[in-house]
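Commentary on secondary and tertiary structure
The lines below spell out each chain.
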Amino acid sequence: MRQPRDHTRLLRKGPFNLTTRRLRELERIISLRFPNGILPTSEQADVYLLQAAKLLRRNLHERKGLPTLAEVFERLAIWAERWAYFTSVDHLKQIADRALQRSGIEKADELGKLLALTFEERRYLKITTIGACDVTKAQRAHRRKKQKRERDRERAARRRRKQGMVPRSEWLKTRLSVLRPWEKMSISRRTWERQRRKSDVE
């Protein structure tokens, strides 16, 4: 995959903001999927434009209260200059109006399905606020727990080796049940153990 521009660097200076982070992640998806990071001149672009408009509207609302159509349109027009410059003013106004009428933003997995974002794309782009269309939230949580267990296990193994402890795989090789010396002597284990106890006493 082509490495997209890292827009998240703009977010590291301030506190976490869901709408701003999701907008940046939306831009990263566009950068990855479309040549030069420009949305196609088709209805396919409307999915991204509407999501951007909703996020811009919510940001305005969080900063200064309920925004007007003109304010949302102005922000969307600025955003579209970079990501969808071909979009007409009338169409952008329609998108801004739809964002005002349907102002709620989708849940992570719902938006992941809407954008057809795969788990592989999500992981590659390091996206956290948008779900995946092919792996549910519960499945992602299960994978994270499994990966954490593996990391913890590896960390504990490194710590034991640093302390001079013998790895379990090596320790098992020295166990009688693995070496089975009585078989080499063609006797039973009980006989071998009895002979060993007797020699220890002598």
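Just above, that's the structure.
Quick summary incoming for the structure in this document. (Residues numbered from 1 in each chain as written. Predicted model: local features only at pLDDT ≥ 70, side-chain atom pairs only at ≥ 80, totals over all residues. Heavy atoms only, no water.)

1. Things to note about helix 2 (residues 44-64)
If you check helix 2, its first and last C-alpha atoms are 31 Å apart, about what 21 residues at 1.5 Å a residue would give, namely 30 Å. At the C-terminal side of helix 2, Gly65 shows a positive phi close to 95°. (Helix = DSSP H or I, 4+ residues; strand = E, 2+ residues; numbered from the N terminus. Expected span 1.5 Å × (residues − 1).)

2. Some details on helix 3 (residues 69-83)
For helix 3, which comprises 15 residues, the first-to-last C-alpha distance of 20 Å matches the rise-based estimate of 21 Å (1.5 Å per residue) to within 8%. Along helix 3, the residues classified as buried are Val72, Phe73, Leu76, Trp79, Ala80 and Trp83. Along the long axis of helix 3, the arc covered by the buried residues comes to 130°, so they all point the same way. In helix 3, the exposed residues that point more than 90 degrees away from the buried face are Ala70, Ile78 and Glu81. (Buried < 20%, exposed > 50% of the residue type's maximum accessible area, 1.4 Å probe, protein only. Arc of directions from axis to C-beta.)

3. What to know about unusual backbone geometry
Positive phi is not limited to glycine here, since Asn36 has a value of about 60°. Among the secondary structure elements, Asn36 is positioned in the loop between helix 1 (18-33) and helix 2. The class for Asn36 is exposed, based on a relative accessible area of 69%. Positive phi outside glycine occurs at Lys126, with the angle close to 60°.

4. Here's the deal with the nonpolar core
Ranked by size, the top nonpolar core spans 33 residues in total, and within it Ile29, Leu39, Tyr48, Leu49, Leu76 and Trp79 carry the most contacts. Sorting elements by how many residues they give to this core places helix 2 first, with nine residues. When sequence neighbours within four positions are dropped, the list of residues in contact with Leu76 reads Leu49, Ala52, Ala53, Leu56, Leu92, Ile95 and Ala96. (Core = buried A, V, L, I, M, F, W, Y, C linked by side-chain atoms within 4.5 Å. Contact = heavy atoms within 4.5 Å.)

5. So, the pattern of salt bridges
Tallied over the entire structure, the rule returns 11 salt bridges. Note that Arg24 is salt-bridged to Glu27, the shortest N-O span being 2.7 Å. Note that Arg24 and Glu27 are positioned in helix 1 at a spacing of three residues, about one turn of the helix. For the pair Arg24 and Glu27, a shared accessibility class is recorded, and that class is buried. The partner of Asp152 in a salt bridge is Arg155, with the nearest N and O atoms 2.7 Å apart. In this pair, Asp152 and Arg155 both sit in helix 7 (residues 137-162), three residues apart, roughly one turn of the helix. Classification of Arg155 by relative accessible area gives partly exposed; the value is 41%. Linked by salt bridges that have partners in common, Lys148, Asp152 and Arg155 make up one network. (Salt bridge = Lys/Arg side-chain N within 4 Å of Asp/Glu carboxyl O.)

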